Structures are given as C-alpha cells and as structure tokens.
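Notes for the structure review
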Amino acid sequence: MPNSSHFYEKELAALKRSGRYRERRIFDDGVVDLASNDYLGLAHNREILQATMSDLNALESHAAKASMLVNGYTRTHQDFERALCEANDFEAGVILGSGFSANIAMIETLVRKGDALFMDEKYHASGVLASKLIDGELHYFAHNNTDVLELLLKNSTAKRNIIAVEGIYSMDGDLVPREIIELADRYNALLILDEAHSSGVIGENLTGILDHYNIEVKPNHIKMGTLGKAYGSFGAYILASEHIVDFLINRAKPIIYATAPSLFDTLLGHNALRFIQENTKELTAAIRSRQDIVKEIFGVEVEGLIVPILVNDNRKVMAIQKALLEENILVGAIRQPTVPSAIIRFIARLGLDESEFREACIKIKRAIEAETSPR
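This text gives an overview of the structure that appears in the document. All of these numbers come straight from a predicted model, not from anything done at the bench.

Tallying secondary structure elements over the protein chain gives 15 helices and twelve strands in all. Relative to its length of 375 residues, the protein chain is compact, with a C-alpha radius of gyration of 21 Å against a globular reference of 21 Å. Principal-axis analysis of the C-alpha atoms gives the protein chain an extent of 60 × 55 × 50 Å. Buried residues in the protein chain amount to 53% of all 375 residues. The contacts of the protein chain with a sequence gap of at least 6 include a subset with a gap of at least 24, amounting to 72%. When the accessible surface of the protein chain is totalled, it reaches about 18,700 Å², and 49% of it is carbon and sulfur.

In structure tokens, the structure reads:
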C-alpha cells in the first residue's frame, strides 16, 4: 500500500477523468443568476429583509439556543407554523433546519417495521438516503408511473403503505401526476409530498401541488416544503394531521436532537409567506410570463420555473456553463450521478426583468447550439 497522506487521490482522479469532479466557486455578485432556486427573487427583496431585521431586533434573544424539546421552541416558531397550516389547509406543522433534515425526519421516522415505502426513482437524494435507514420494505417505482405504483399497492401486505413523491421534480421540472395522489387516497396510503420546488411556484394560491390540482387536504397527506427556494430564506417545514406531527415530534431525530431553527430564518420565511399571499396575482402573472418566454425561445413548456435542456455530455455542459459565464450569465451544469444524463438547468426566476430574462435565454440557446451542433 502506498505510503501517502492523500487517502482519496485515486477516487478524485477518476472523478476528474470522467468530468464529474465538483468544486465550490464564488461567483461575482453582478452575474445574471439563472442557476439558483430563488424562484420569486425574494432573496434580494430588501423590504422583506428590513422587516425581518426589525422583527428580530424586537425579540429578547436572537437565537433559538436549544432543541425544540428543551427550550428552543419560541412564539416565533409557533406563529410561523400556524401561518403555514392556515395557508396550506393542514391541521398541524413543525419547522426544521433544512429540507434535507425534513426528509430524513419524515421517512426514517414514519416507515416502521412491517410498513412498506414506495418511492419514485427520481426522489431527492435526501429521501434516498433516508430510505436506507428504514425498518420497513423499500420499493422504488419508475418515475411518475401510476400503473407500476398501483400494482405495488395492490400486492402489498404491509401494515402501512407510504408513498414518497415530489410536487415538481428538481431536475426534470415535471409534476407528479394527479393520479398518484388519487392512488394514495384510494388505497389509504400515507402520501409524502416533497414540495421543495413547487411551493411558492404553482397553484392558484402558490402553495403547491394540491393547490394546483385543487385537491382537498386529507388525513393521509404529508407535505414538506423548504424556505431556501421560493421563500428566500433557509429551513423547512412539515405539514400533516395533528397526530402525525405529534408522532414526528416524539420520534424524529432531526427534530429531537437538533437546535431549533434559526429565529432570523423563521421570521424571514414568515415575512416571505406574507409577501406571497399579498402579491399572489402579480407573482402568478410574472411566472406565466417567464414560462411564455421559455416556450417562445426553446419550444418547450415548463410547469414551474425549472428549465432542463438535455446535452448528454458532462464536458459539454461544463463548456456551455463556462461560455455563458464569459457573457456574465450563470446556469447550472448538472452531471451524473445527480441526473442520468448531463443537462443544462436554468431557472426562469423572477429576480430579473422580462427583457433581461429574454436576452439571457437567447444567449443560453446560442451557447448550447454552438457546443452541440455537428461540426
């Protein structure tokens, strides 16, 4: 065995050879940001920021200081949970430090011995990790395939059946079919809806997939949403029936053993929720406008604000990203194993005015064509 302190040198070299090597970068503040998940541009909203700083300054303490089950649970947390429940028509809720933690909390806790978990094959990596921790059966089903899922449910002899899907899938940008939600209701299965990319983006009230399909919330529905995307903050929430939230509070390790969510981020999320509720019509119109521009320039219809363009080559997506950065435009260059085939992923976010977004789209299309056209 080589005497070296570079314990993972070969693995890193293999990643570089395959075009899958990743590194952190600090991008210029002036870049046209079409890579982040700041869907509504609220991460740049100074009015929300100033209101939040004023709210925080009025508190006795600016930090949660402890776990929710010690003395970290505050009126700030409770007020936001109640506002989320009211906005989404759920009985109860609990907020957590991140969407990653929320998926670990839900899946590891709710799938008990004798239960069966049916997870869409394109579910987020946090859910996939959580699925390795469960005591029950685990079944992945083909992406958005209602026939396969129904067959699994028909043949299940589990004590409880639990389905895990996303409202909008983070890489493909497609919606979970209405039929999957209806299957969960028909078979009385618990339905986990990861709404990280759909909350704040779709539905008449911009609350997500149930709102989009005009489906009434039922006792078997469990919703997870994040604050670090459309809400321009950081953290997450789980909404469900009162007894499910009670069970999570009593058994979920990311709730029991973690410091309560940041008071600043909680206040910021609450103020973002108010902003969305007060400006729903204007935000919805702006979202539709961005979708129309994407259809006009790329010829594709998107359900939310995620625009994936298949390139199918790791090195080419990196070259496209680099070329666009030279034009001051930042897009995502997504490679395996995050996606099966490499894509350029950009967000039709509302942080830009329409003319600036249109111009950026034209440049993105040109850069993709320059790299992928036959030579």
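Further remarks concern the side chain of histidine 77. As for its position among the elements, histidine 77 is in helix α4 (residues 75–88). The class for histidine 77 is buried, based on a relative accessible area of 0%.

Right, let's talk about helix α15 (residues 354–372) for a bit. Along an α-helix, a turn takes 3.6 residues, which lines up residues three or four apart on a common side. Here α15 is 19 residues long and its end C-alpha atoms lie 27 Å apart, about the 27 Å a rise of 1.5 Å per residue gives. Of the positions making up α15, those classed as buried are Phe357, Ala360, Cys361, Lys363, Ile364, Ala367 and Ile368. Against β1 (32–33), α13 (280–298), β9 (306–310), α14 (314–325), β10 (329–330) and β12 (343–347) lie the buried residues of α15.

In this section: the pattern of salt bridges. Where charged atoms from two side chains of opposite charge approach closely, those side chains can pair. Evaluated as defined, the whole model comprises eleven salt bridges. With its nearest N and O atoms 3.0 Å apart, the salt bridge here joins arginine 160 to aspartate 115. Of this pair, arginine 160 sits in the loop between α7 (146–155) and β5 (161–166) while aspartate 115 sits in the loop between α5 (99–110) and β3 (116–120), and the two are 45 residues apart along the sequence. Classification of arginine 160 by relative accessible area gives partly exposed; the value is 34%. Taking the relative accessible area as the measure of exposure, aspartate 115 reaches 0% and is therefore buried. A salt bridge links lysine 363 to glutamate 359, with the nearest nitrogen and oxygen atoms 3.4 Å apart. Of the two residues, lysine 363 and glutamate 359 are both situated in helix α15; the distance of four residues between them amounts to about one turn of the helix. A relative accessible area of 44% means that glutamate 359 is categorised as partly exposed.

Time to look at the sheet that holds β9. Strand order across the open sheet formed by three strands is β9-β12-β11, with antiparallel pairing between neighbours. Looking at strand neighbours, the two that pair on one side only are β9 and β11 (332–334), the edges of this open sheet. For this sheet, the mean inter-axis angle between neighbouring strands, taken without regard to orientation, is 25°.

Strand order in this open sheet of seven strands is β2-β8-β7-β6-β5-β3-β4, and the pairing throughout is mixed. Since the sheet does not close on itself, it has two edges, and those belong to β2 (92–96) and β4 (137–141), each with one partner. The mean angle between the axes of side-by-side strands here comes to 20°, regardless of whether they run parallel or antiparallel. Two strands pair when backbone bridges link them, and β5 and strand β6 (residues 190–194) are joined in this way by five bridges, in the parallel orientation. Its bridge partner lying in β6, alanine 164 is registered against isoleucine 192. Of the strands in this sheet, β3, β4 and β5 touch α7, which is tilted by about 155° from β4.

Where like charges cluster on the molecular surface, the negative patch consists of Asp292, Asp353, Glu354 and Glu356. Assessed through its relative accessible area of 44%, aspartate 353 is described here as partly exposed.

A word on a nonpolar patch on the surface. Together, Phe7, Tyr8, Leu12, Leu15 and Tyr21 make up a nonpolar patch on the protein surface, roughly 540 Å² of accessible area in all. Its place among the elements puts tyrosine 21 in the loop between α1 (9–17) and β1.

Take unusual backbone geometry next. Note on backbone geometry: most residues besides glycine have negative phi, and most peptide bonds are trans. A cis amide bond links glutamine 336 to the next residue, proline 337, at an omega of 5°. Topologically, proline 337 is positioned in the loop between β11 and β12. A positive phi angle, near 80°, is found at lysine 65, a position not held by glycine. Mapped onto the fold, lysine 65 is located in the loop between α2 (46–57) and α3 (68–72). Judged by its relative accessible area of 63%, lysine 65 is exposed.

Attention now moves to the nonpolar core. Within the largest apolar cluster, 111 residues are counted, with the highest numbers of intra-cluster contacts made by Leu34, Ile163, Ile238 and Phe346. Phenylalanine 346 has contacts with Leu34, Phe298, Leu305, Ile306, Val307, Ile309, Val331, Phe357, Cys361 and Ile364, leaving out every residue within four places of it along the chain.

For the pair helix α12 (residues 263–278) and α13, the least separation of the axes is 5 Å and the interaxial angle reads 80°. When the interaxial angle is binned, α12 and α13 end up roughly perpendicular. Where α12 approaches α13, its residues Phe275, Ile276, Gln277 and Glu278 are matched on the opposing element by Thr280, Glu282 and Leu283. Considering only residue class, the contact of α12 with α13 consists of three nonpolar, two polar and two charged.

Calculation criteria
- Residues numbered from 1 in each chain as written.
- Predicted model: local features only at pLDDT ≥ 70, side-chain atom pairs only at ≥ 80, totals over all residues.
- Heavy atoms only, no water.
- Helix = DSSP H or I, 4+ residues; strand = E, 2+ residues; numbered from the N terminus.
- Rg over C-alpha atoms; globule rule 2.2 N^0.38 Å.
- Buried < 20%, exposed > 50% of the residue type's maximum accessible area, 1.4 Å probe, protein only.
- Contact = heavy atoms within 4.5 Å.
- Areas by Shrake-Rupley, 256 points an atom, 1.4 Å probe, with all protein chains shown as cover.
- Expected span 1.5 Å × (residues − 1).
- Salt bridge = Lys/Arg side-chain N within 4 Å of Asp/Glu carboxyl O.
- Pairing = 2+ DSSP bridges.
- Axes fitted to C-alpha atoms, helices over the stretch in contact; angles between N-to-C directions.
- Patch = residues over 30% accessible without salt bridge, like charges linked within 9 Å, V, L, I, M, F, W, Y side chains within 5 Å.
- Lys, Arg positive; Asp, Glu negative; His and termini not counted.
- Charge placed at Lys NZ, Arg CZ, Asp CG, Glu CD.
- Core = buried A, V, L, I, M, F, W, Y, C linked by side-chain atoms within 4.5 Å.
- Parallel < 35°, antiparallel > 145°, perpendicular 65-115°, else oblique.
- Nonpolar A, V, L, I, M, F, W, Y, C, P; charged D, E, K, R; others polar.

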